Amino acid sequence: MNREDPSPEATARRAADTMWAADRASQDLGMEIVEVGPGRATLSMRVGEAMTNGHATAHGGYIFTLADSAFAFACNSHGLTTVAAHCSITYIRPGRLGETLVAEAREVTRFGRSGVYDVTVRAGGEIVAEFRGHSRTVGGSFIDKAEA
């Protein structure tokens with residue numbers, strides 16, 4: 001990656017690469033980054049047997065974690081250290097064993113240190129959950145720190 005490229009797209013890619021290198025939770029759950037860009041990110045995760053609950057469907061915590069990871073990559077895509085301030089999720093239908101869930105995060109608004117992001121989690125063409133995350137930028141570029 002060209003460190004000298006100041007474009008928003010290059011910054012989003014550098015941010016994703018920097019975060020992914022240290023994101024053991026997302027990696028260990030088998031998540032994959034499908035796409036990243038300024039204010040957006042798409043991640044996927046296959047529902048494994050260890051992710052199912054007592055109803056033999058995807059445990060909601062895993063669906064939330066996938067959505068939260070997509071949210072994290074989207075809100076950090078500008079290269080500034082940004083954390084979650086509040087998140088909520090509405091489950092529409094259960095995820096099922098063997099399905100690949102895809103979480104698509106998109107920036108709704110960003111003003112000052114605050115941001116709002118929506119994440120739709122789908123399996124195939126069906127919506128599994130809708131997630132809304134509120135972010136807070138806490139200062140500094142985490143990319144610069146990692147590359148120093």
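Everything here concerns the structure above.
This text gives an overview of the structure that appears in the document. Within every chain, residues take consecutive numbers counted from 1 along the sequence as written. Totals for whole chains, interfaces and linings use all residues, but because this is a predicted model, local features are given only for residues with pLDDT of at least 70 and pairs of side-chain atoms are given and counted only at 80 or more. Hydrogens are left out, water is left out, and the side-chain values use all remaining heavy atoms of the structure.

**Structural notes on the pairing of strand 6 (residues 126-141)**
Turning to step 1, where the next piece is worked out: Paired strands are those between which DSSP finds at least two bridges. Where helices and strands are cited, they refer to DSSP runs of H or I of at least four residues and of E of at least two residues respectively, numbered from the N terminus. Relative to strand 6, strand 3 (residues 80-91) is paired through ten bridges, and the arrangement is antiparallel. The residue of strand 6 that forms the bridge with Ile-89 is Phe-131.
Turning to step 2, where the next piece is worked out: With ten bridges connecting them, strand 5 (residues 114-123) and strand 6 associate as antiparallel partners. Across the sheet, residue Val-121 finds its bridge partner in strand 6, namely Ala-129.
Turning to step 3, where the next piece is worked out: Hairpin connection, strand 5 to strand 6: the antiparallel pair is bridged by two residues, and Gly-124 has positive phi, about 65 degrees.

**Quick word on the sheet that holds strand 6**
Turning to step 1, where the next piece is worked out: Ordered in space as 1-2-4-5-6-3, the six strands form an open sheet in which the pairing is antiparallel. Lying at the two open borders of the sheet, with one neighbouring strand each, are strand 1 (32-37) and strand 3. Geometrically, the sheet is characterised by an average inter-axis angle of 20 degrees between neighbouring strands, direction not taken into account.
Turning to step 2, where the next piece is worked out: Of the strand pairs in this sheet, strand 2 (residues 40-46) and strand 4 (residues 100-111) are connected by seven bridges, and their pairing is antiparallel. When the bridges of strand 4 are listed, Thr-42 appears paired with Glu-104. Here an axis means a line fitted to C-alpha atoms, over the contact stretch when the element is a helix, while the angle between two N-to-C directions is reported on a 0 to 180 degree scale.

Such coordinate-based values are descriptive only and should not be taken to indicate function.
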